[in-house]
Amino acid sequence: MKVIHLISGGDSGGAKTHVLSLLQHLNETITAQLVCFRDGPFADEARSLGIPTKIMGGNHIFKIRRELADYIRREGFQLIHCHGSRANMIGALLRHVTGLPVVTTIHSDYKIDYMGRPLARCTFGVINTWALRRLDYRIGVSDAMVDLLISRGFPADRFYAIYNGIDFTPAPAQGDRLPYLRSLGAEVEADSVVVGIAARLNPVKDMSTLIRGFAEAYKSCDKLRLVIAGDGEEREKLGNLARELGVERQVTFAGWISGGMDRFYSALDINVLTSLSETFSYALTEGARFHLATISTAVGGIPYLIDQGVNGYLFQPRDWQTLGKRLAALGNDGALRHEMGERLFEKASTQFSIGKTVETQLHIYGEILRRHARPGRDRDGVVICGAYGRGNAGDDAILEAILEEMRSIDPDLPVTVISKNPKATRLAYRVRSVSRMDLPGWLGAMRRAKLYINGGGSLIQDVTSRRSLWFYLMNIRAAKWAGCKVQMYGCGIGPVTRSKHRKLAAKTLNRNVDVITLREPDSLEELKSMGVNRPEIQLTADPALTLSPAAEEKTDSILLRAGIPPRGNYICFALRPWQGFQEKAPLFGAAARYAWERYGLTPVFTAVEKGQDPAAARLAAQEGLKGVPHYFLDDAGAAGTIIGALSRMEVVVSMRLHALIFASGQGIPLAGVVYDPKVSSFLRYIGQKNFADLDTLTGEMLKAMIDRAAAQAGDKPAQAEAVRSLRELERGNVDIAKRLLEG
């Protein structure tokens, strides 16, 4: 593989470190040629690292484009990779001349790159914005950067994320830290706990918050010392603030550190970052290399490194009170500092190393070249429509599972999702998305696509809304009219209660659907009773059964944010507001108390739909749990972390279907409360009889169900084997989609 990298040659800071480190290691595997548009220290350092470097200077843009195009053809480069505004502009001009794919790495927010420089912003800033829109692919140096750009309307399926990686080879011994720290001006003793930061002293780094938080922490931990490595326009202001807060002697302004940063980080106990804005900071991974306990603002890509309360602490920008509490806690607890530092090193060294960065970059190149070579087709891709973008984790889990399965068929398959909240869908899944209200948008997507998927869940029903039924039937008809193959994917059917709706649904499905795959047998009986007999019909399973729990540290972090100790003996209640629930709510509170008193299970009320479920949980808990410890998990995140949280439960009592699906997949004993036939249909399908109807539920029935479920806790129940069988059946959804796409 031969890739040419374009850069101005005057870059510094994180962008410089990223590019030089990346190219140095890429050249161990591929040919990565660097072209700078000026000579100087950047190019000199690149040469010293063994990076093949070429200078193409001057201000004649079209002459540079011509020379570069000739050079690219002559040397046989396959891909153009740009860094920075000048390179982006020339890369945009090279696209059609060379016919090669052009990708750019966006190292910072282009809208604030020229802050305080109005002339540069009106020239270079405008040109860069124009160029960014015209390149083929974009790489953000964190997922947060990618999300920011997608939110500005860049195509979601043309983005990749990469993180700044460093070499985690153990550094040589750095010697006694006390003489070194004293040489910087710090008044330290052997038992001092040293807090450090390496950053420019400018408003974006918000050192005022650091000094205020440090002064607060010093009140309860007088062993703390703060060393600030860096300089900038706020130096005098920050010194005055330290004097005003009475910590002038405990705060050291060390200026710029010469001779590398290893000695600095090796002398610290706690690494801190207080930035108002970051993409992904090298300072945190450099500190992690030295096993430092870390506290940072939750900005940019930093939450992808630090799992709150697990391997470090996060706080909101300018919240110096929380920073002070965290500094004091770490300052007073050496064991906690050691534990946090070791956990951060373990994650950073495996997921944020330079080796991982290079591996990610090579994968991105391979995918770009594969997508660029994809033959043009009259019809290509999939349109997926379902109850997405509503904040319901169960419905969004179905979408996540379907997307994973489409990518298993073809990783480059174009996908468009019809969503109530297309912006949220684009951000969450990095796919094209159009609004349910955008009729021209989704009709256009259907005309280009080969397959339309009516995506899981019980969409063909009229209990919650007749307008919803009409919408999905209209969508199915439109997709067939537009020339798509139509698959209803691992879905539930019904109940469809009105006679005219049953006739309309049967007529629409018979005329327009190619294949229906169903998630349980009751839906098959409903289709038969409606007279649906023309499409091919197969019994499979719910796609959400294929999803896996998030990594342990992610689940720990979600629980800790809600104040829930990650390891404990818990019973989960996943409730939802429904007709008749208000009268039954006290039964759940009493049952939660019973589980605590009888089995020592602490109740955790978990929301699957975070807009509705928390109110139901609090209604259930408001009387029956006085004096009983209990928790509310109002936002458990996406499907992976919800599954992870449910896997920590001993018993799950649920009205929510997807809480039952997620928990059953982890072998957790279940007690189902049925408000809709789809709940009992699933439970019967996995051989589970431990459920009761909400309408007839009594306190004694609920306690008896908890008794039966608790008797299974600690052992893998029979349902786990049933779920494994369902996962094998679920593969039928994918096989049929593949057949329709190939056909």
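Residues numbered from 1 in each chain as written. Predicted model: local features only at pLDDT ≥ 70, side-chain atom pairs only at ≥ 80, totals over all residues. Heavy atoms only, no water.

Remarks on a positive patch on the surface
Part 1 of the reasoning: Judged by side-chain charge, Arg477, Lys507, Arg511 and Arg534 come together as a positively charged surface patch.
Part 2 of the reasoning: With respect to the helices, strands and loops of the structure, Lys507 is situated in helix H19 (residues 499-512). (Patch = residues over 30% accessible without salt bridge, like charges linked within 9 Å, V, L, I, M, F, W, Y side chains within 5 Å. Areas by Shrake-Rupley, 256 points an atom, 1.4 Å probe, with all protein chains shown as cover. Salt bridge = Lys/Arg side-chain N within 4 Å of Asp/Glu carboxyl O. Lys, Arg positive; Asp, Glu negative; His and termini not counted. Charge placed at Lys NZ, Arg CZ, Asp CG, Glu CD. Helix = DSSP H or I, 4+ residues; strand = E, 2+ residues; numbered from the N terminus.)

With respect to the side chain of Thr274
Part 1 of the reasoning: Within the secondary structure layout, Thr274 lies in the loop between strand E11 (270-273) and helix H11 (282-289).
Part 2 of the reasoning: A polar contact is formed between the side chain of Thr274 and the backbone oxygen of Lys205, at a distance of 2.8 Å.
Part 3 of the reasoning: A distance of 3.1 Å separates a polar atom in the side chain of Thr274 from the backbone oxygen of Asp206.
Part 4 of the reasoning: The contacts of Thr274, once residues within four sequence positions are left out, are Ile197, Lys205, Asp206, Met207, Leu210, Thr297, Phe315 and Leu323. (Polar contact = N/O pair within 3.5 Å; in protein donor to acceptor, adjacent residues only side chain to side chain. Contact = heavy atoms within 4.5 Å.)

Observations regarding the packing of aromatic side chains
Part 1 of the reasoning: Summed over all chains, the structure comprises 18 aromatic pairs.
Part 2 of the reasoning: Geometrically, the ring pair formed by Phe264 and Tyr265 is edge-to-face, given 5.4 Å between the ring centres and 70 degrees between the ring planes.
Part 3 of the reasoning: Classification of Phe264 as buried rests on a relative accessible area of 0%.
Part 4 of the reasoning: With a relative accessible area of 2%, Tyr265 lands in the buried category.
Part 5 of the reasoning: Between Phe280 and Phe352, the ring centres sit 5.2 Å apart and the planes meet at 15 degrees, which makes this aromatic pair stacked. Linking Phe280 in the loop between E11 and H11 with Phe352 in the loop between helix H13 (334-351) and helix H14 (354-372), this pair joins segments that are 72 residues apart in sequence. Taken individually, Phe280 and Phe352 each receive the classification buried, so the pair is uniform in this respect.
Part 6 of the reasoning: Aromatic ring contacts, followed pair by pair, group Tyr163, Phe280, Tyr304 and Phe352 into a single cluster.
Part 7 of the reasoning: Across the ring face of Tyr71, the terminal group of Lys54 is positioned such that the distance to the ring centre comes to 5.0 Å. (Phe/Tyr/Trp six-rings, centres within 6.5 Å; stacked < 30°, edge-to-face > 60°. Buried < 20%, exposed > 50% of the residue type's maximum accessible area, 1.4 Å probe, protein only. Lys NZ or Arg CZ within 6 Å of the ring centre and 35° of its normal.)

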